[in-house]
Amino acid sequence: MIATVRPVRHLEGAIRVPGDKSISHRALILGSIASGVSKVRGLSTGADVQSTASCMRALGVEIEGSSIGGVGMTGLRAAEGPLDCANSGTTMRLLAGLLAAQPFESELAGDESLSTRPMDRVMGPLREMGAAVAWPPLKVGGRTRLRGIDYEAASPSAQVKSAILLAGLYADGTTSVRETVKTRDHTEVMLAAMGANVMVDGLRVAVERAESLRPFDIDVPGDFSAAAFWIVAAVLANSRIRLAGVGVNPTRTAFAHTLNDLGCDIRITNPRLEANEPVGDIAFGLTHFQRPVTVGGTRTAEMIDELPALAVLATQMIGTSVIADASELRVKECDRLDAMAEGLSAMGADISVEEDGWIIKGPCRLEGARVDSRGDHRIAMSLAIAGLFAAGKTEIEGAECVDISYPDFFDHLEYLA
Ligand code: S3P
């Protein structure tokens, strides 16, 4: 599908972004091994989370509307064939951890993009725990009784941390992960609420073997990474839209802090807790840009999913923006460093792609063009936001990929514009 985006001067309205994708995956996976029925309202409507739901169903779990029929720690049964993770790296990596600890073997399959993404980062630690793991195709499990390990994560990854913690629920002794950057902590938060013995000490998180987990009843907060596209749009249009009920867990909001450091005024109002996660409404004051974007190191890792949207913003900042230490973007759903450089260059931006980031000179007058999403939801949405500020029409090829995390994206865009 080709989506056409036309320029806007102003945005107006209030929207609810889809349920947080990361929390939704975890709710489905952990709810499946709880002792009893969990209730989850507001699950992400995206295809990635559907992939996790269908994998859990194939493993014998009943999932109906907002109910997850937890089968207990030892109640999963072998699926009849390979589990299809489609485009979802989170599904494949988290399930690799859970299934490595089961007494049966599982095969995890994915689409063309997922099949080329790195899996050694999760297989290494699982092997250390005594799990049987092979790749490709990814096969895990069948050898029971894992042992706890103390894992020092070389590069930041919430998926790897979560896979190890899930396996750790079945392992003898304590399993711990020490990170260099605190990545999103939704697994730890949910496990603690379910009664697991989780210990968090700075950058180290540890879990003990669990005999049972309590089911839960939660409302999933809105996805901050989906809100990030509207944050960029609102800031560039100097418009005061309202984004209600967005998850603002501090491990997810580095993007808002970065923008505020640049002179934006992004406020979190009406703070509350839902599902043990901080939630708020996002509101905007007036933006006074003073400087270009310069980010690297820890900060880059903390907002990895928001970097394509940040690149769009950087095209409109005065001066040379440098976004560094982002080589992880090369192994996301596509090579996001190349994809954004190609798309924004086609629109007339002055962007050069480095080994691990971008250098973007602004401000520049964007021109509508035909651009390629490369089948990557975050690229499609970022280029659509760029299109709102480009002269003429922008056509995004393969725009249906927004369904991966945000099926209503283009409806929301039309409403706000
Ligand atoms: C996710 C972790 C991040 C993120 C992805 C979702 C998660 O990936 O980019 O969109 O839900 O744990 P990495 O763990 O590979 O950094």
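Owing to the predicted nature of the structure, the values given are computational and were not obtained by experimental measurement.

Cut-offs used in this document
Residues numbered from 1 in each chain as written. Predicted model: local features only at pLDDT ≥ 70, side-chain atom pairs only at ≥ 80, totals over all residues. Heavy atoms only, no water. Near = heavy atom within 4 Å. Polar contact = N/O pair within 3.5 Å; in protein donor to acceptor, adjacent residues only side chain to side chain. Areas by Shrake-Rupley, 256 points an atom, 1.4 Å probe, with all protein chains shown as cover. Helix = DSSP H or I, 4+ residues; strand = E, 2+ residues; numbered from the N terminus. Nonpolar A, V, L, I, M, F, W, Y, C, P; charged D, E, K, R; others polar. Expected span 1.5 Å × (residues − 1). Buried < 20%, exposed > 50% of the residue type's maximum accessible area, 1.4 Å probe, protein only. Contact = heavy atoms within 4.5 Å. Phe/Tyr/Trp six-rings, centres within 6.5 Å; stacked < 30°, edge-to-face > 60°.

A. Summary view of the site of the ligand. All residues in the neighbourhood of the ligand are listed as Ser22, Arg26, Thr90, Arg93, Ser157, Ala158, Gln159, Arg184, Ile304, Asp305 and Lys332. Measuring from an oxygen atom of the ligand, one finds a side-chain N or O atom of serine 22 at 2.7 Å. Contacts to the ligand include arginine 26, whose side-chain N or O atom sits 2.6 Å from an oxygen atom. In isolation the ligand offers 390 Å² of accessible surface; the protein chains occlude 94% of this area. Only α1 (21-32), α3 (89-100) and α6 (158-168) provide two or more residues apiece to the shell around the ligand. Taken together, the residues that form the shell around the ligand break down as 2 nonpolar, 4 polar and 5 charged.

B. Looking closely at α1. If you check α1, its first and last C-alpha atoms are 17 Å apart, about what 12 residues at 1.5 Å a residue would give, namely 16 Å. Counting buried residues along α1, 12 of its 12 residues qualify, which places the element largely inside the surrounding structure. Along α1, the residues that are buried comprise Lys21, Ser22, Ile23, Ser24, His25, Arg26, Ala27, Leu28, Ile29, Leu30, Gly31 and Ser32. Near the N-terminus of α1, the side chain that reaches the backbone nitrogen of serine 22, with its oxygen 3.0 Å away, is that of aspartate 20.

C. Quick peek at the environment of phenylalanine 224. Along the chain, phenylalanine 224 falls in helix α8 (residues 224-236). Taking the relative accessible area as the measure of exposure, phenylalanine 224 reaches 1% and is therefore buried. Each C-alpha atom, one on phenylalanine 224 and one on proline 292, is 23 Å from the other, the two residues being 68 residues apart in sequence. When residues no more than four places from it in sequence are discounted, the contact partners of phenylalanine 224 are Asp20, Ile231, Val246, Gly247, Arg252, Thr253, Phe255, Ala256 and Ile282.

D. Spatial organisation of the packing of aromatic side chains. Following the criterion strictly, the structure yields 5 aromatic pairs and no others. Note on tyrosine 406 and phenylalanine 409: the rings are 5.5 Å apart at their centroids and 75 degrees apart in plane angle, and the pair reads as edge-to-face. Accessibility expressed as a relative area gives 1% for tyrosine 406, which makes it buried. The buried category is assigned to phenylalanine 409, whose relative accessible area is 0%. Plain terms: the ring middles of phenylalanine 409 and phenylalanine 410 are 5.1 Å apart, the flat faces sit at 85 degrees to each other, and that makes the pair edge-to-face. Of the two residues, phenylalanine 409 and phenylalanine 410, neither departs from the other in class, the shared state being buried. One aromatic cluster is present, built from ring pairs that chain together Phe229, Trp230, Tyr406, Phe409 and Phe410.

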